[in-house]
Amino acid sequence: LGLVQMTRKRSRQSLSQLLCEPCQNCSGEGYLPSQETICFQIYRKVLRHSQDAREGTSMELKVNSVIGELLRGEQSDLIVELEKTTGLQMIVTAMPDFHMEQFDIVETWGA
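Nothing here was measured: the structure is a model prediction, and the numbers come from that model. (Residues numbered from 1 in each chain as written. Predicted model: local features only at pLDDT ≥ 70, side-chain atom pairs only at ≥ 80, totals over all residues. Heavy atoms only, no water.)

Trainee: What's the story with the side chain of Ser50 in this structure? I'm lost.
Mentor: Mapped onto the elements of the fold, Ser50 is located in helix 2 (residues 35-50). The class of Ser50 is buried, set by a relative accessible area of 13%. Each residue touching Ser50, except ones within four places of it in the same chain, is listed here: Met59, Thr86 and Leu88. (Helix = DSSP H or I, 4+ residues; strand = E, 2+ residues; numbered from the N terminus. Buried < 20%, exposed > 50% of the residue type's maximum accessible area, 1.4 Å probe, protein only. Contact = heavy atoms within 4.5 Å.)

Trainee: Which parts of the structure should I look at to understand a nonpolar patch on the surface?
Mentor: A grouping of Leu15, Leu18 and Leu19 is seen on the molecular surface, where their side chains present a nonpolar patch of about 310 Å² in accessible area. Within the fold, Leu19 resides in helix 1 (residues 15-19). (Patch = residues over 30% accessible without salt bridge, like charges linked within 9 Å, V, L, I, M, F, W, Y side chains within 5 Å. Areas by Shrake-Rupley, 256 points an atom, 1.4 Å probe, with all protein chains shown as cover. Salt bridge = Lys/Arg side-chain N within 4 Å of Asp/Glu carboxyl O.)

Trainee: Would you mind showing me how to read the nonpolar core here?
Mentor: The tendency in soluble globular proteins is for nonpolar side chains to be buried as a group. Counting residues in each nonpolar core, the largest one holds 20 residues, and the members touching the most others are Ile42, Val46, Leu61, Val63, Ile67, Leu71 and Met90. Elements with a minimum of two residues in this core: helix 2, strand 3 (57-63), helix 3 (65-72), helix 4 (76-86), strand 4 (89-94) and strand 5 (103-109). Top contributing element to this core by residue count: helix 2, with five residues. When residues no more than four places from it in sequence are discounted, the contact partners of Leu71 are Cys39, Ile42, Val63, Ser76, Ile79 and Val92. (Core = buried A, V, L, I, M, F, W, Y, C linked by side-chain atoms within 4.5 Å.)

Trainee: I would appreciate a short explanation of the pairing of strand 3 in the present structure.
Mentor: Both faces of the sheet carry side chains from a regular strand, because those side chains alternate between them. The buried fraction of strand 3 amounts to six of the seven residues, a majority that puts the element mostly inside the structure. Two elements, strand 3 and strand 5, share seven bridges in a ladder whose sense is antiparallel. When the sheet's bridge partners are listed, Lys62 is paired in strand 5 with Asp104. Across six bridges, the pairing between strand 3 and strand 4 is parallel. Each residue of the ladder has a partner; that of Val63, found in strand 4, is Ala94. (Pairing = 2+ DSSP bridges.)

Trainee: Sorry, what's going on with the sheet that holds strand 3 here?
Mentor: Two pairing modes exist for strands in a sheet, parallel and antiparallel, and in both the strands are linked by backbone hydrogen bonds. Overall, mixed pairing links the three strands, which are arranged 4-3-5 in an open sheet. Strands at the two margins of the open sheet, each flanked by one partner only, are strand 4 and strand 5. In this sheet, adjacent strand axes meet at a mean angle of 25° when their direction is disregarded. Across the sheet, helix 2 lies against strand 3, strand 4 and strand 5, angled at about 35° from strand 5, the strand it touches most. Sheet contacts for helix 3: strand 3 and strand 4; angle to strand 4, the most-contacted strand, approximately 140°. (Axes fitted to C-alpha atoms, helices over the stretch in contact; angles between N-to-C directions.)

Now the structure itself:
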């Protein structure tokens, strides 16, 4: 009676590997959301926040410097889409002292 054991080789990355990147603070032992994931978190939060915004206001997005560069460059289509969807001007402000995941959404008058 021959017994055969078969194993399946994992050919794709796990979900955490796709959506996260190694943390620089703990030398890769923990994980942070990827920069793109943070951009999409900001996008969803702005959409929720904009429903309560008054006419004539704009939204200032205070974000980490790296995320700010990403939102002005590679992910600039998210800002354009937000402005089109909400009818509000989006102002991206880089805050060097913010942690990668930290961001604030501030409603401003005029701008």
